[in-house]
Amino acid sequence: MNSPTLKIHLPTVRRQRNAPSVNGFDRENGVPGSLGDGGLTRILLSDSLSLESGFTTILRSPVGERPLREEITMSISRSVVWGDLLGMRKIETVEQMPDEYKTTLLKIIYALASTEFASVEQHQPWINQGPTPEDRYIQAQIAADEAHQGFVDCRLLRSFGPEGEEKAATLLKLRMGEHPLAAFNVPFESWVDVCGFCFLLDLVAWHHLRGMENCSYAPLAREMATMVHEEKFHASFGARRIRDIVRNPAYAQLCGATKEDAQRTVDKWYPQALDTFGASESKFSELAVAYGIRRWGNEALRQMFRQDIDAQIEAIGLKVPDPEKGRRIH
Ligand SMILES: [Fe+2]
Ligand SMILES: [Fe+2]
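Everything quoted here is computed from the prediction, not taken from an experiment.

## So, the overall build of the protein
Next, step 1: On a plain count of helices and strands, the protein comes out with nine helices and six strands.
Next, step 2: Residues classed as buried in the protein amount to 43% of the 330 residues present.
Next, step 3: Considering only contacts in the protein between residues 6 or more positions apart, those separated by 24 or more positions represent 70%.

Structure, rendered in structure tokens:
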């Protein structure tokens, strides 16, 4: 039997067509430097609607591309909702964890944490280099979100005792070329490349984190309530700017970029993105699902990502790369 679910209902935010701006962002399309019609607006509500964080992020999706989410209802249950521990009270502390659960969870949090500081390092040379003031602001916000996520992940790691503390300390020393996941050892070569990375790899992050929403480790589940939406914000920014480079000549000119450059960055990050989900056959992936830490295994997540990104690439007017080309992990 599941224990009662604690539901947090957020207020409905009605979208007003032709609303001139929200949070200072111009929603009119086609103006270089504006968020445009495809703009994504992040509204921070300060009336403590979320369980722990005191604020909640609501996203608006680009018109005509993805369904508009007018309302988000987040549920963080007290009991485990999938896997072998189904119905048990969620785990709150490391002392409650069986060894195998602890090892699996530690590996997941370490992998997650490694991507956060690594991506800040990738973004760093391009901070303040974006072609518009909004680009500069949003990219800086993305880097700040990643650093904050790294900080949160390290706090979770430290709660595991000496082993976790050592892992958290290691992460702070790793530099480009030493990060555990290959995609995070690849530098951004241009502003287009910054956008391409956000378009693909932040969408990877969103799918990964979505798989851990309401997971069996309660402290991680609570963090997902904000992290998941941050990743969507990053990915939506990348998608919109890649589309602008392809379809908005004024923005493309500001970037000094062409449709071919946009295709090149999609081709570059596509195999990296697919590899990031890990091997299809993976005992670790099975354990993560069985223990209620991740809702889906590596291959299922990879296929969900492919469906999502392929449709977006096609909608922009670019070619979906061969899913086998350049792959190193199967
Ligand atoms: Fe992240
Ligand atoms: Fe991100």
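There's plenty left to go through after this.
## Quick look at the nonpolar core
Next, step 1: Core analysis: the biggest nonpolar cluster contains 73 residues, and Leu200, Ile245 and Ala273 have the highest contact counts within it.
Next, step 2: The dominant element in this core, judged by the number of residues it contributes, is helix H4 (residues 191–210), at 14 residues.
Next, step 3: Among all residues touching Leu200, those that are not within four sequence positions of it are Trp269, Tyr270, Ala273 and Ile309.

## Focus on helix H9 (residues 298–316)
Next, step 1: Here H9 spans 27 Å end to end across 19 residues, near enough to the 27 Å set by a 1.5 Å rise per residue.
Next, step 2: Three or more residues of H9 are buried, namely Asn298, Leu301, Arg302, Phe305, Ile309, Gln312, Ile313 and Ile316. Down the axis of H9, the sector holding all buried residues measures 105°, keeping them to one side. Residues of H9 that are exposed and point over 90 degrees away from its buried face: Gln307 and Glu314.
Next, step 3: Just past H9, the residue Gly317 takes up positive phi, approximately 100°.

## Describing unusual backbone geometry
Next, step 1: Phi angles above zero are rare outside glycine, and Asn128 is one such case at about 70°.
Next, step 2: Within the secondary structure layout, Asn128 lies in the loop between helix H1 (99–123) and helix H2 (133–158).
Next, step 3: For Asn128, a count of 9 C-beta atoms within 10 Å corresponds to the exposed category.
Next, step 4: The backbone phi angle of Asn214 is positive, close to 60°, even though this residue is not glycine.

## Regarding the packing of helix H5 (residues 218–247) against helix H7 (residues 259–275)
Next, step 1: Packing of H5 against H7 brings their axes to within 8 Å, and their N-to-C directions diverge by 145°. Every pair of crossing elements has a handedness; the one defined by H5 and H7 is left-handed. Residues Ile242, Ile245 and Val246 of H5 touch H7, and the partners they reach there are Lys259, Asp261 and Ala262.
Next, step 2: In the contact of H5 with H7, the residues fall into four nonpolar, no polar and two charged.

## Concerning the packing of H4 against H5
Helices that pack against each other are described as a pair by the angle of their axes relative to one another and the distance between those axes.
Next, step 1: As a packed pair, H4 and H5 sit with axes 7 Å apart at the nearest point and diverge in direction by 150°. By the criterion of interaxial angle, the relationship of H4 to H5 is roughly antiparallel. As for how H4 packs across H5, the hand of that crossing is left-handed.
Next, step 2: In terms of residue class, the contact of H4 with H5 is built from 17 nonpolar, three polar and five charged.

## What about H4?
One full turn of an α-helix is made of 3.6 residues, so residues set three or four places apart face in the same direction.
Next, step 1: Taking 1.5 Å per residue as the helical rise, H4 with its 20 residues ought to reach 28 Å, and the 28 Å between its terminal C-alpha atoms agrees with that figure.
Next, step 2: Of all the bends in H4, the greatest measures close to 30° and is centred on Cys198.
Next, step 3: The buried count for H4 comes to 19 of 20 residues, which makes it a mostly enclosed element.

## Some remarks on the environment of Met176
Next, step 1: Mapped onto the elements of the fold, Met176 is located in the loop between helix H3 (162–173) and H4.
Next, step 2: Met176 sits 55 residues away from Glu121 along the chain, and the two C-alpha atoms are 7.4 Å apart.
Next, step 3: Apart from the residues lying within four places of it in its own chain, the contact partners of Met176 are Glu121, Asn185 and Pro187.

## Side note on the environment of His330
Next, step 1: Looking at the secondary structure, you find His330 in the segment after H9.
Next, step 2: Separated by 31 residues in the primary sequence, His330 and Glu299 have C-alpha atoms spaced 8.9 Å apart.
Next, step 3: In this structure, His330 is in contact with Ala279 and Ser280, ignoring residues within four places of it in sequence.

## Considerations on the confidence of the model for the protein
Next, step 1: When pLDDT is averaged across the protein, the result is 83; 78% of the residues are at 70 or more.
Next, step 2: Per-residue pLDDT stays below 50 along residues 1–71; that stretch engages in 122 contacts with residues further than four places along the chain or on separate chains.

Thresholds, definitions, all that
Residues numbered from 1 in each chain as written. Chains lettered and ligands numbered in written order. Predicted model: local features only at pLDDT ≥ 70, side-chain atom pairs only at ≥ 80, totals over all residues. Helix = DSSP H or I, 4+ residues; strand = E, 2+ residues; numbered from the N terminus. Buried ≥ 20, exposed ≤ 12 C-beta atoms within 10 Å, placed from the backbone. Contact = placed C-beta atoms within 7 Å. Core = buried A, V, L, I, M, F, W, Y, C linked by C-beta atoms within 7 Å. Expected span 1.5 Å × (residues − 1). Arc of directions from axis to C-beta. Axes fitted to C-alpha atoms, helices over the stretch in contact; angles between N-to-C directions. Left-handed = near helix turned anticlockwise from the far one by under 90°. Nonpolar A, V, L, I, M, F, W, Y, C, P; charged D, E, K, R; others polar. Parallel < 35°, antiparallel > 145°, perpendicular 65-115°, else oblique. Bend = angle between axes of the 7 residues up to and from the residue. pLDDT = per-residue confidence, 0-100.

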